[in-house]
Amino acid sequence: MSSRRGAASPKRPGSGPPSARGPGPGGSSSGGWGSEAAATPGGEASGDSSGEVNPIPVYSEKELTSEIDKLAEHLRHPTDWAVRSAAIRRLQGLVLGGACEYPSFTSHLKSLREPLVAQCSELRSSLVREVCALLVLVSSTLREGFEPFCVEYFPPLLKQSAVTIQIIREAS
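Quick notes on the rules
- Residue numbers here run from 1 along each chain, matching the order of that chain's written sequence.
- Side-chain atom pairs in this predicted model are given and counted only at pLDDT of 80 or more, local residue features only at pLDDT of at least 70, and totals for whole chains, interfaces and linings cover all residues.
- Derived side-chain values reflect all non-hydrogen atoms in the structure, with water molecules and hydrogen atoms excluded from consideration.
- We count a stretch as a helix when DSSP gives it H or I for four or more residues in a row; a strand needs E for two or more, and each element gets its number in order from the N terminus.
- Accessibility here uses a 1.4 Å probe with only protein chains present; expressed as a share of the type maximum, an area under 20% marks a residue as buried, one over 50% as exposed, and anything in between as partly exposed.
- By the convention used here, residues are in contact when the closest approach between their heavy atoms is within 4.5 Å.
- For the area figures, the Shrake-Rupley method with a 1.4 Å probe applies, and any residue is considered shielded solely by the protein chains shown.
- Think of a nonpolar core as a cluster: buried Ala, Val, Leu, Ile, Met, Phe, Trp, Tyr and Cys residues, connected wherever their side-chain atoms sit within 4.5 Å.

Remarks on the overall build of the chain
Across its full length, the chain holds eight helices and zero strands. Across the chain, helices and strands are ordered from the amino to the carboxyl terminus as α-α-α-α-α-α-α-α. Within the chain, the proportion of its 172 residues that are buried is 38%. Pairs at least 24 residues apart make up 68% of the contacts formed inside the chain by residues separated by at least 6 positions. Counting only carbon and sulfur atoms, one obtains 55% of the accessible surface of the chain, whose full area is about 9,600 Å².

A short note on the side chain of glutamine 119
By the secondary structure assignment, glutamine 119 is in helix 5 (residues 113–120). The exposure class of glutamine 119 is buried, given its relative accessible area of 2%. Excluding its chain neighbours within four sequence positions, the residues that come into contact with glutamine 119 are Leu75, Arg84, Ile88, Leu127, Val128 and Val131.

What to know about the nonpolar core
Core analysis: the largest hydrophobic core is formed by 34 residues, its most contacted members being Leu91, Phe105, Leu109, Leu116, Val138, Phe146 and Tyr153. Secondary-structure elements contributing two or more residues to this core are helix 2 (61–75), helix 3 (81–96), helix 4 (105–111), helix 5, helix 6 (125–142) and helix 7 (147–160). No other element matches helix 6, which puts nine residues into this core. Those residues in contact with phenylalanine 146 that lie beyond four places of it in its chain are Leu109, Leu135, Val138, Ser139 and Tyr153.

Next up, the structure:
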């Protein structure tokens with residue numbers, strides 16, 4: 001744990017881009033899931049207090065499917081908005097970590113349509129702001145690949161632009 005260990009070296013494992021890194025401690029890059037999913041031990045999805053989300057690499061289609069299944073379950077949580085917020089931030093981390101590069105990502109995104117649209121119409125402003133940030137990130141990553149999804153997300157976001165709560169209106 002000396003300063004030599006922290007020095008950057010092009011040959012050091014884990015120093016490459018997120019898609020080239022191996023699983024983190026414990027053999028998994030998925031971190032901890034629970035009610036505090038945004039505060040995983042490795043800080044993967046938590047970022048810092050400025051709202052930045054760190055990339056979460058995915059190493060296989062199977063791992064991506066597993067992650068999306070967990071996210072879908074958490075996004076449908078009926079009462080705990082913090083669980084839904086953590087799931088949105090985790091999905092942002094997956095996108096930043098290269099999940100969009102997998103061919104199955106768009107089909108997984110289709111499976112999340114219903115819960116994400118529900119978050120767009122949420123009364124809690126922090127959820128609306130986070131799902132809007134997620135949609136901006138996904139659309140800028142997929143570019144033309146996001147076009148079929150515009151039909152799904154545009155109406156609820158347009159409705160939110162008329163909301164008098166400034167945070168929600170500006171985010172949408």
